[in-house]
Each structure stands twice: as C-alpha cells, then as structure tokens.
Amino acid sequence: MARAHSADVVAHGYYRDHPHLGSDGSTLATRVRGAGLSFALLGEAMAQATSVRAGLDNMMISPGHRSQALSTVFQRVGVGVAHSADGALVLTVDVPRP
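Notes on the structure in this doc start here. Everything quoted here is computed from the prediction, not taken from an experiment. (Residues numbered from 1 in each chain as written. Predicted model: local features only at pLDDT ≥ 70, side-chain atom pairs only at ≥ 80, totals over all residues. Heavy atoms only, no water.)

By size, the foremost hydrophobic cluster in this structure holds eight residues: A45, A47, M59, F74, L89, L91, V93 and V95. At the level of secondary structure, the elements contributing two or more residues to this core comprise β1 (41-49) and β3 (89-97). The element that contributes the greatest number of residues to this core is β3, accounting for four residues. Beyond its immediate stretch of four places on either side in the chain, A47 contacts Y15, G55, M59, L89, V90 and L91. Judged by nonpolar contacts, the second largest core, of five residues, contains V9, Y14, Y15 and V90. (Core = buried A, V, L, I, M, F, W, Y, C linked by side-chain atoms within 4.5 Å. Buried < 20%, exposed > 50% of the residue type's maximum accessible area, 1.4 Å probe, protein only. Helix = DSSP H or I, 4+ residues; strand = E, 2+ residues; numbered from the N terminus. Contact = heavy atoms within 4.5 Å.)

Here the focus is the sheet that holds β1. Taking strand neighbours across the sheet as the criterion, the three strands line up as β1-β3-β2 in an open arrangement whose pairing is antiparallel. Edge positions in the open sheet fall to β1 and β2 (78-83), since each of these has one partner strand only. Sheet twist, expressed as the mean angle between neighbouring strand axes with direction ignored, is 15°. Sheet contacts for helix α1 (residues 2-12): β1, β2 and β3; angle to β2, the most-contacted strand, approximately 30°. Taken strand by strand, helix α4 (residues 63-70) contacts β1 and β3, and its axis lies near 125° from that of β1. (Pairing = 2+ DSSP bridges. Axes fitted to C-alpha atoms, helices over the stretch in contact; angles between N-to-C directions.)

Pasting the structure below:
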C-alpha cells in the first residue's frame, strides 16, 4: 500500500501539491479500507529526498512525523519507496493501528 502510493505520487508528479491524497483523490483511510484492512488509528509520513536515509532524516526533523515514528500507539508499519525520473525518491511510511 505505501509503495503503491509512492509510485502513484511519482507517476502523477504531485508531491508538492497534496502528497497524502492519491491521484484519484483517495485518502490513507480509503486506501487502507480498499486493501481490506481495518484500523482504529492511522498515520502517514512522506518525504521526497535523494536517498532513503535523507528522507528518514527529513521525517525525523518534523515534530509531527517524529512523534508518530516514536509513538508506541502504532503497532505496524508499511514503507514504500518509488524513484522518479530525475533520481529523487518518494518515501511513504504508513502506520495503522488495528
């Protein structure tokens, strides 16, 4: 799911506009339900960077993304990476709590 979202962002080139929405307008909750999963709580972090390490570092600079990453509330994680034609990476980290 996270990888598919990263690929969608790259394919349609909309990272700067609304990266958390799918090109079809879907939200994270819509994508999770569409995958047949249930959840009590959801979180998503995204970054565009030149490497996975740089992307994760950028996420950890953001207070909201850092808090989400270090939270014990979330019990699962899905990570997706897609490469754009210019060599940049789009990273998506989805954290659902069933």
